[in-house]
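Descriptive structure summary
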Amino acid sequence: MDVDRILPTDEAHDLLDLATELADRELAPRAAGFEERAEFPRDVLRTLGRAGLLGLPYAEEHGGAAQPYEVYLQVLEILASRWLAVAEAVSVHTLSCYPLAQFGTDAQRKLLPDMIGGELLGAYCLSEPQGGSDAASLTTRAVRDGDDYVVTGTKAWITHARVADFYNIFCRTGGPGPKGISCLLADRGTAGIHPQAAERTMGLHASPVAQVAFDDARVPAERLLGGEGAGFTIAMAALDSGRLGIAACAVGLAQAALDYAVGYARERRQFGRAIIDFQGLGFNLADHATGISAARALMLAAARLRDAGRPYSIEAAKAKLFATDLAMRVTTDAVQVLGGAGYVADHPVERYMREAKVLQIVEGTNQIQRLVISRALARD
C-alpha cells in the first residue's frame, strides 16, 4: 500500500523515491533466495552505501547526508517492507557508527567516511552470554598495557559478527557498575578476536548472528572512544536511536504482511464472495491498518523530538514497544488469513511471522521497554 508521507524537503522525497527504487530492484527479488540459503547480502549493503542510504543521519563532513532522523527512519521502513534482514543490517550498521560519530575525536573520525559509505561494515558488541538486559553488569574486561588495551571475554548475539569490518567493544576498564565500562573500536583483523559459528536462528537467516570471543585481543589505546568510563553512556545513547530503528523495521514488516494479506483476501473466494468481505476478517485487517498508522506516527513523533534536540528516550521506548508488538500480531494474523497456504514457504507471510519475533527482543526486550516507561511514570 502506498503511504501518504509528509516530508520536510524535496530532497527527502527524492531519497524515499531512491530507497523505494533500490528496494524494489535490489531487495525484493533476492529476499527469498538469500533467506533460504542463509547467505548474507554484503553487496546489497555496499550498493545502499554508495547510494548514500547508510549515512543519512550523519554529518556531511563525514560523508553523511545530514538528514533528519525522521527521514532516515522512513527509508528504513521502506527497506524493511521488502527485506527485513537488510533493513536490520542497516539499522545495526547505523548504530555501530554512532559511538565514533558522536563521541570520537577528530582524528578518530577519519575512519567515518568508509564506515558511513558502506565500505566498512560494523558490529555492536554489548550483550554477553550471561548478560543481555543487565548491560551494566557486563564482564568482558580490557586492561591497559602500554599503548594497548588487552581485551578478554565473550560477546553474544552479535549481528554481523562473522562479516563485520569493525567492532564496537563495550568492556570493563574499571570497577563494577556502569561507571567502570568503556568503549573500544577494533578492526576486524585484530589478533585475538574470534567470531564463533553462526547461531541457528528462527528467522532472519540471511543475517549472520554469532558470539565473538576476545582472547587477549590487543586494541590500540588511541581507539578508546569518549574516555575511560564513558562506555555505558555511549551504549545507552546509541540504543535510544537504535530502538527507533527497530520500530521502523517493525512498521515496514507489518505493512508488508498487511499488504500481502489484503491482496490475498481480495482474490480468495469462499461461499461466493471475496473473503475480505466477511466482517470477521475485514475488521481484523482494518484494526491492523489503524495500528500500523499509529505505530508509524509514534515512531516519527519520537524522531522529531530527537531532531529537535529534546529528550526522546521514553518516546523511543514506547515506539519500539508498540511497533514490535504490533508487528508480531499483524504477521501472525496474516498467516491466519491465508490459512493453510500461510503455513507454507510458497507465501512470504510465514517468514514475516518468524522474523517479527526477534524485533520484540533486540535493542532491549519489550519487557525492558515497559520497565523504562514505568520507571519514568514513577519519577514523574
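Residues numbered from 1 in each chain as written. Predicted model: local features only at pLDDT ≥ 70, side-chain atom pairs only at ≥ 80, totals over all residues. Heavy atoms only, no water.

An unreviewed UniProt entry annotates the protein chain as Acyl-CoA dehydrogenase of Micromonospora humi. Regarding the protein chain, the relevant UniProt record gives this comment under Cofactor (unreviewed entry): "FAD". UniProt, in the comment section headed Sequence similarities (unreviewed entry), describes the protein chain in these words: "Belongs to the acyl-CoA dehydrogenase family." (UniProt positions renumbered as here; feature names shortened; annotations may be inferred.)

1. Brief notes about the domain arrangement of the protein chain
Reports of interface size often rely on the accessible area that becomes lost once the parts have come together. When its domains are assigned, the protein chain resolves into domain 1 (10-117), domain 2 (122-232) and domain 3 (236-378). For domain 1 versus domain 3, the distance between C-alpha centres works out to 21 Å. Each side of the interface is counted separately: domain 1 has 19 residues, and domain 3 has 25 residues. For the domain 1 and domain 3 pair, buried surface summed over both sides reaches about 1900 Å², with 66% attributable to carbon and sulfur atoms. When residues of domain 1 are sorted by the area they lose upon contact with domain 3, Y69, E77 and L84 head the list and together hold 32% of the total. Across the domain 1-domain 3 interface, the total number found is 2 salt bridges. A salt bridge links E70 to R304, with the nearest nitrogen and oxygen atoms 3.1 Å apart. Along the contact surface separating domain 1 from domain 3 lie 5 residue pairs in polar contact (both at pLDDT 80 or more). Those elements that place two or more of their residues in the side of domain 1 that touches domain 3 are α2 (31-37), α4 (69-82) and α5 (84-103). At 8 residues, the largest contribution of residues to the side of domain 1 that touches domain 3 is made by α4. (Domains from an automatic or database assignment. Contact = heavy atoms within 4.5 Å. Buried area = accessible area lost by both parts, 1.4 Å probe. Salt bridge = Lys/Arg side-chain N within 4 Å of Asp/Glu carboxyl O. Polar contact = N/O pair within 3.5 Å; in protein donor to acceptor, adjacent residues only side chain to side chain. Helix = DSSP H or I, 4+ residues; strand = E, 2+ residues; numbered from the N terminus.)

2. As for the UniProt feature "domain: Acyl-CoA dehydrogenase/oxidase N-terminal" (unreviewed entry) in the protein chain
The residues that UniProt annotates with the feature "domain: Acyl-CoA dehydrogenase/oxidase N-terminal" (unreviewed entry) are residues 9-119. A helix fraction of 66% and a strand fraction of 0% characterise residues 9-119, whose end C-alpha atoms lie 28 Å from each other.

3. Focus: the pattern of salt bridges
Here the structure, examined in full by the defined rule, presents 21 salt bridges. Here D145 ties to R218 by a salt bridge, and the two come within 2.8 Å at their closest N and O atoms. Of this pair, D145 sits in strand β2 (residues 141-145) while R218 sits in strand β7 (residues 209-220), and the two are 73 residues apart along the sequence. What makes R218 partly exposed here is its relative accessible area of 39%. (Buried < 20%, exposed > 50% of the residue type's maximum accessible area, 1.4 Å probe, protein only.)

4. Here's the deal with the environment of A19
You can see A19 is positioned in helix α1 (residues 10-27). Excluding anything up to four places from it in sequence, A19 contacts L53, V75, I78 and L79.

5. Let's talk about the environment of G227
Among the secondary structure elements, G227 is positioned in the loop between β8 (224-225) and α7 (231-267). Distance from G227 to L27, taken between C-alpha atoms, is 40 Å for residues 200 residues apart in sequence.

6. Details of the side chain of S96
Relative to the helices and strands, S96 is located in helix α5. Residue S96 is classed as buried on the basis of its relative accessible area, which comes to 0%.

7. Focus: the pairing of strand β3 (residues 148-159)
Taken together, the 5 bridges between β2 and β3 define a ladder with antiparallel strand orientation. Along β3, the bridge assignment pairs R144 with Y149. Where β3 meets β7, 9 bridges bridge the pair, whose relative direction is antiparallel. Each bridged residue has a counterpart across the sheet, and for D148 the counterpart in β7 is P220. (Pairing = 2+ DSSP bridges.)

8. Remarks on unusual backbone geometry
Even without glycine at this site, A38 takes up a positive phi of about 55 degrees. Mapped onto the fold, A38 is located in the loop between α2 and α3 (42-50). In the Ramachandran plot, F271 falls in the positive-phi region, its phi being about 55 degrees despite a non-glycine side chain. Among the secondary structure elements, F271 is positioned in the loop between β9 (269-270) and β10 (273-274).

9. Some thoughts on the side chain of R243
Considering the arrangement of structural elements, one finds R243 in helix α7. Residue R243 is classed as buried on the basis of its relative accessible area of 9%. Filtering out sequence-adjacent residues up to four positions away, R243 remains in contact with A316, K320, E363, G364, I368 and Q369.

10. Things to note about the nonpolar core
Counting residues in hydrophobic clusters, the biggest one holds 79 residues, and the most contacted among them are L48, V90 and V337. Summarising the domain contributions, this core has at least three residues from each of domain 1 (10-117) and domain 3 (236-378). In terms of nonpolar packing, the next biggest core, distinct from the first, is built from 25 residues, C97, L100, I181 and I234 among them. (Core = buried A, V, L, I, M, F, W, Y, C linked by side-chain atoms within 4.5 Å.)

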